[in-house]
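Observations on the model geometry
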Amino acid sequence: MTRPARESSGDRIAGEGGVALRAATALARIALDRVDEARGVALPRTPEQLTDPRVLDALLASHAPPGAPRLPPVRRARLPGVRFESSNCTNFLIEVEFEGGPDPALPRSLYAKLPPPEIATRAFANALGFWEVEVRFCQALADRMPVATPRVYAAARRGARFVLLLENLHERPGTRLFINRDMAAGTTPDRSRRCLETFAALHAAFWKRPPRERDALIPSRLHPHLSPGGRARSRALASASIAPARRKAPDLLRAEHVDLCRMAVAKWDALIDAWFAEPTTLVHGDSHLGNCFEVATPDGPRMGVLDFQGLHWGQGIRDVQYHLIFSLEPKTLAECEDALVGDYLAALARHGVVLDAGLARAQYRALSFQTLVVALVSLGLGSMIEREETVRTVLRRSVAAIDRLGFADWLAGV
């Protein structure tokens, strides 16, 4: 079995200061962006700046990815005041009119994504690199997806800023979108099964790609755990989140869970070895219901996916357990968990990929702690899922999962 390379002690020491150093570098880039803005060479910072037809035309002409539909010049653009819930971006609609008059083949609006105004969130996002990952996906991978995703009209990144101009899925007939509150409310096993079928199609398409090909699509320097210093940075984030998460939610994160979290952090290298052992594929990385959408088809509803900030190379089961643990109430999940994992494996097989059932369930058990870490960091280090009640919900479900799956016993054997 291929194991990811471990860091040396020197790499670890350097990495443990890496989050702060990267944040400081990001703050410097944010300051330089304001200088570039004064010179007229920065990407737009606000929705109002982006809505200028000249700015939109420049982005659509110069930053359309390969395969993107070419749009005519923008005659008029306005902000209708429609904003969307987001964990770390400013997401909003721009209504557009193009030269040549109305055309049913052209979009009536664009779904736009910009960095938020909060400096701390911008520094954090740039330090971890997940905006760069999404821009990279839009530029190089969106047109290769074997599953439904929003069309990309333009994707640009400069300094600490980025701009995405995407399809407004509300204009796609028969499409239903979900938000984080839908995820927190809990979905049904049938809808989750359809989501897992979509993830299986994605995983099968990129299963066991050669390292050079992987790096050409999503560079290894952007990997959340395996990039240079990545193990130490992710370990540091996990460790730093435990105490504040306990203070904020002592009713959910009990003393025995705190002890388990600290033991897991002490065995971080072993966890990384287990989480990223082959076989691996391209995983969405943030696969909860809020990042899925439903499309009506003659054969029944099918699921698509959006928001690719967490995209990385890893085990396909990562998307499976993350989706199920975050999106289903623990009691509901306990009754159908094994069957849903089996449904995912069957969907993989229909796409020509065979994953051993015993291995898949062992991966599921090991990766349950990675999902808990996402909830810990979100609550403990500043709500990256926006609404505290939503964060508490996913923490509660994640704690229930590591208890139900016996993660402590698995860790003791590592």
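Right above here is the structure, for reference.
Residues numbered from 1 in each chain as written. Predicted model: local features only at pLDDT ≥ 70, side-chain atom pairs only at ≥ 80, totals over all residues. Heavy atoms only, no water.

Take the packing of aromatic side chains next. A ring pair, where both rings are aromatic, is described by two values, the distance of the centres and the angle of the planes. Using the criterion set out here, one finds 10 aromatic pairs in the structure. Taken together, the aromatic side chains of F124, F130, W131 and F162 make up a single cluster linked through ring pairs. (Phe/Tyr/Trp six-rings, centres within 6.5 Å; stacked < 30°, edge-to-face > 60°.)

The subject of this paragraph is the packing of helix α10 (residues 230-248) against helix α11 (residues 255-266). Packing of α10 against α11 leaves a shortest axis separation of 10 Å and a crossing angle of 170°. Classed by the angle they form, the pair α10 and α11 counts as roughly antiparallel. Seen from α10, the contacting residues are R235, A238, S239, I242 and R246; seen from α11, they are A255, V258, C261, R262 and V265. Across the contact of α10 with α11, the residue classes break down as 6 nonpolar, 1 polar and 3 charged. (Axes fitted to C-alpha atoms, helices over the stretch in contact; angles between N-to-C directions. Helix = DSSP H or I, 4+ residues; strand = E, 2+ residues; numbered from the N terminus. Parallel < 35°, antiparallel > 145°, perpendicular 65-115°, else oblique. Contact = heavy atoms within 4.5 Å. Nonpolar A, V, L, I, M, F, W, Y, C, P; charged D, E, K, R; others polar.)

This paragraph deals with the sheet that holds strand β9 (residues 292-295). Neighbouring strands of a sheet are bound in pairs by backbone hydrogen bonds; such pairs are parallel or else antiparallel. Across the sheet, which stays open at both edges, the 3 strands sit in the order β7-β9-β10 with antiparallel pairing between neighbours. The sheet terminates laterally at β7 (175-177) and β10 (302-305), the two strands that pair on one side only. When strand polarity is set aside, the average angle formed by the axes of neighbouring strands in this sheet is 30°. In this sheet, β10 lies alongside β9 in antiparallel orientation, the contact comprising 4 bridges. (Pairing = 2+ DSSP bridges.)

Another aspect to go through is the pairing of strand β3 (residues 90-98). Taking burial as the measure, the 9 residues of β3 include 7 buried ones, the bulk of the element. Two strands pair when backbone bridges link them, and strand β1 (residues 74-78) and β3 are joined in this way by 4 bridges, in the antiparallel orientation. By the bridge assignment for β3, V74 is matched with F98. Direction of pairing for strand β2 (residues 83-84) relative to β3: antiparallel, over a ladder of 2 bridges. Looking at β3, one finds that R83 is bridged to F92. Relative to strand β4 (residues 109-114), β3 runs antiparallel, the two being bridged by 6 bridges. Bridged to E95 within β4 is S109. (Buried < 20%, exposed > 50% of the residue type's maximum accessible area, 1.4 Å probe, protein only.)

Our next topic: helix α14 (residues 330-350). Taking 1.5 Å of rise per residue, 21 residues should cover 30 Å, and α14 covers 29 Å from first to last C-alpha, within 8% of that figure. At C336, α14 is bent by approximately 60°, the largest bend along its length. Among the residues making up α14, those that are buried are P330, L333, C336, E337, L340, V341, Y344, L345, A347 and L348. Those residues of α14 hidden inside the fold are in contact with α8 (189-205), α13 (317-327), α15 (357-380) and α16 (388-405). Looking at the residues trailing α14, positive phi occurs at G352, about 90°. (Expected span 1.5 Å × (residues − 1). Bend = angle between axes of the 7 residues up to and from the residue.)

A word on α16. The terminal C-alpha atoms of α16, which comprises 18 residues, lie 26 Å apart, in line with the 26 Å expected from a rise of 1.5 Å per residue. Turning to α16, its buried residues number three or more, namely T390, V391, R392, T393, V394, L395, R397, S398, V399, A401, I402 and L405. G406 sits one or two positions beyond α16 and adopts a positive phi of about 70°.

Before going further, it helps to examine the side chain of S368. Topologically, S368 is positioned in helix α15. Residue classification places S368 among the buried residues on the basis of a relative accessible area of 1%. Sequence-distant contacts of S368, that is, excluding residues within four places in its chain, are made with Q321, I325, I402, L405 and F407.

According to the stated counting rule, one finds 33 salt bridges in the structure shown. Between R75 and E97 there is a salt bridge whose closest N-O contact spans 3.4 Å. Highlighted residues: R75 in strand β1 and E97 in strand β3, separated in sequence by 22 residues. For R75, a relative accessible area of 39% translates into the label partly exposed. (Salt bridge = Lys/Arg side-chain N within 4 Å of Asp/Glu carboxyl O.)

Our focus in this paragraph is the environment of K113. Structurally, the position occupied by K113 is in strand β4. For the pair formed by K113 and R54, sequence separation is 59 residues and the distance between their alpha carbons is 18 Å. Apart from the residues within four sequence positions on either side, K113 is in contact with C89, T90, N91, E134, F162, V163, L164, L166, D307 and Q309. Engagement of the side chain of K113 in a polar contact is seen with the side chain of E134, the distance being 3.1 Å. (Polar contact = N/O pair within 3.5 Å; in protein donor to acceptor, adjacent residues only side chain to side chain.)

Attention shifts here to the packing of α8 against α14. For the pair α8 and α14, interaxial distance at closest approach is 9 Å and the crossing angle is 35°. Handedness of the crossing formed by α8 with α14: right-handed. Where α8 abuts α14, its residues P189, R193, L196, E197, F199, A200, H203 and A204 lie against T332, C336, L340, D343, Y344, A347, L348 and R350. Its residues assigned to classes, the contact of α8 with α14 shows 10 nonpolar, 2 polar and 4 charged. (Left-handed = near helix turned anticlockwise from the far one by under 90°.)

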